[in-house]
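Here's the letter readout for the chains.
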Amino acid sequence: MTQILITIWFALGRLPFVFYRAVVTLISASLTLLILVFARERRMVAFKNLSLCFPESSFLQRLRWAVAHIYFYLRTFLDRAWLWAGNEALVRDRVHIENPEALHALPHGPATIFLAPHFLGLDAAWSRLCLEVDMVTMYSNQKNPVLNELILRGRSKFGDQMLLSRQQGVRPLLAAMKKGRPLYYLPDMDFGERDSVFVTFFGVKAATVTAVARLSRMLKAQVVPVTTRYSNGRYTLRIHEALPGFPTEDDTGSTQAMNHHIEAWVKDNIPQYLWLHKRFKTRPDGESRIY
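Just so it is clear, the structure is predicted and the values come from calculations on it, not from any experiment.

**Quick look at helix H8 (residues 122–130)**
Part 1 of the argument: In terms of burial, H8 is a largely internal element, nine of the nine residues being buried.
Part 2 of the argument: Of the residues making up H8, those classed as buried are Leu122, Asp123, Ala124, Ala125, Trp126, Ser127, Arg128, Leu129 and Cys130.

**Concerning the sheet that holds strand E2 (residues 112–115)**
Part 1 of the argument: Judged by pairing direction, the sheet is mixed, and its seven strands sit side by side in the order E1-E9-E8-E2-E5-E3-E4 without closing on themselves. What marks the edges here is a single partner per strand, and that holds for strand E1 (95–97) and strand E4 (162–165). Taken over all neighbouring pairs, the strand axes of this sheet differ in orientation by 30 degrees on average, direction set aside.

**Comments concerning the packing of helix H2 (residues 17–38) against helix H4 (residues 59–78)**
Part 1 of the argument: Remark: H2 packs on H4, axes separated minimally by 9 Å, with the N-to-C direction vectors making an angle of 135 degrees. Viewed along their axes, H2 and H4 adopt a mutual orientation that is oblique. Between H2 and H4 the crossing geometry is right-handed. Within the contact between the two elements, H2 uses Tyr20, Arg21, Val24, Thr25, Ile27, Ser28, Ala29, Leu31, Thr32, Ile35 and Leu36 and H4 uses Val67, Ile70, Tyr71, Leu74, Arg75 and Leu78.
Part 2 of the argument: Of the residues assigned to the contact of H2 with H4, the class counts are twelve nonpolar, three polar and two charged.

**What about the side chain of arginine 283?**
Part 1 of the argument: Considering the arrangement of structural elements, one finds arginine 283 in the segment after helix H12 (251–267).
Part 2 of the argument: For arginine 283, the side chain forms a polar contact with the main-chain oxygen of lysine 205, separated by 2.9 Å.
Part 3 of the argument: Within the local environment of arginine 283, its side chain forms a polar contact with the side chain of glutamate 287, the two groups lying 2.9 Å apart.
Part 4 of the argument: The residues touching arginine 283, leaving out its near neighbours within four places in the chain, are Glu193, Phe198, Val204, Lys205, Ser288, Arg289 and Ile290.

**A look at the pairing of strand E9 (residues 234–239)**
Part 1 of the argument: Across the two faces of E9 the burial differs, with Tyr235, Leu237 and Ile239 buried and Arg234, Thr236 and Arg238 not buried at all.
Part 2 of the argument: Pairing geometry for strand E8 (residues 222–231) and E9, over six bridges, is antiparallel. Looking at the pairing, serine 231 lines up with arginine 234 of E9.
Part 3 of the argument: Where E8 folds back on E9, the antiparallel hairpin that results is connected by two residues, among which asparagine 232 adopts a positive phi of roughly 55 degrees.

**Side note on the packing of aromatic side chains**
Part 1 of the argument: Summed over all chains, the structure comprises 17 aromatic pairs.
Part 2 of the argument: Summarising the aromatic geometry, the rings of phenylalanine 54 and tryptophan 275 are spaced 5.9 Å apart at their centres and angled 75 degrees between planes, so their arrangement reads as edge-to-face. Here phenylalanine 54 is found in the loop between helix H3 (40–53) and H4, whereas its partner tryptophan 275 is found in the segment after H12, with 221 residues between them in sequence. Assigned by exposure class, phenylalanine 54 and tryptophan 275 land together as buried.
Part 3 of the argument: Measuring from ring centre to ring centre gives 6.2 Å for tryptophan 82 and tyrosine 235, while their planes differ by 55 degrees; the resulting arrangement is tilted. Within this pair, whereas tryptophan 82 is found in helix H5 (residues 80–85), its partner tyrosine 235 is found in strand E9, the two being separated by 153 residues in sequence.
Part 4 of the argument: Of the aromatic side chains, those joined through ring pairs into one cluster are Phe54, Trp65, Phe119, Phe201, Phe202, Tyr273, Trp275 and Phe280.
Part 5 of the argument: Here the guanidinium or amino end of arginine 234 rests over the ring plane of phenylalanine 17, the centre of that ring lying 4.4 Å away.

The rules behind each value
Residues numbered from 1 in each chain as written. Predicted model: local features only at pLDDT ≥ 70, side-chain atom pairs only at ≥ 80, totals over all residues. Heavy atoms only, no water. Buried < 20%, exposed > 50% of the residue type's maximum accessible area, 1.4 Å probe, protein only. Helix = DSSP H or I, 4+ residues; strand = E, 2+ residues; numbered from the N terminus. Pairing = 2+ DSSP bridges. Axes fitted to C-alpha atoms, helices over the stretch in contact; angles between N-to-C directions. Parallel < 35°, antiparallel > 145°, perpendicular 65-115°, else oblique. Left-handed = near helix turned anticlockwise from the far one by under 90°. Contact = heavy atoms within 4.5 Å. Nonpolar A, V, L, I, M, F, W, Y, C, P; charged D, E, K, R; others polar. Polar contact = N/O pair within 3.5 Å; in protein donor to acceptor, adjacent residues only side chain to side chain. Phe/Tyr/Trp six-rings, centres within 6.5 Å; stacked < 30°, edge-to-face > 60°. Lys NZ or Arg CZ within 6 Å of the ring centre and 35° of its normal.

So this is what it looks like as structure tokens:
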């Protein structure tokens, strides 16, 4: 069944752009309605996250954000068909680097960490950057082996990319970065208390990995944020300036500063941040569960 669904999904990705956009927009809107009606847990996670992070907003505003987010989540998920099966020309056409000069201006000396917060277009950003540079990244194994293989194949399609599972540990990642590969790193998921500190995200304590600060200090790596925005079937990728004064000697302070930067980018594009993730699942001792 999984293989049949993947075949249909990738067949959609081969449609001409104008037809593809119309069909997938209809599918995404229909699935959004189904999720709002039947997927109570997922719906409530998104709404709870928005309520915690934007308590000053009205109920109606949070509802609009939640509905838009679910739609964008589905829409950008379906776009992985052409990201993972399309050719280089197609990806260049549909994923635009807003400031390519920033990429070409990166110094060759220090190691680079591309900091990619969980905006919904992060796979589009990865595929587009793969056309310009060979990178290393880490991934979490999926329970479904067919889907796991599909993701690995899709993300390895362009260039000579190195994808490491979290089970492989940090040594091969360090070796790759020392040889000059930039790291494409997603810093803002709840992986539990291990290797994490509790710092605030929109005023709420969130278990946040300290890997960005530690790797940056260890390798004297610059941290270059990458954010992506979806609009009308296409993506715009922005490469920001390297984080100034990062890291400090304090991992907790550096990680808090990173979260503050992410907050600023999220405020500029609220519906397209990953609100369906249980970002506040891990709680400090003594605090009650949120979800």
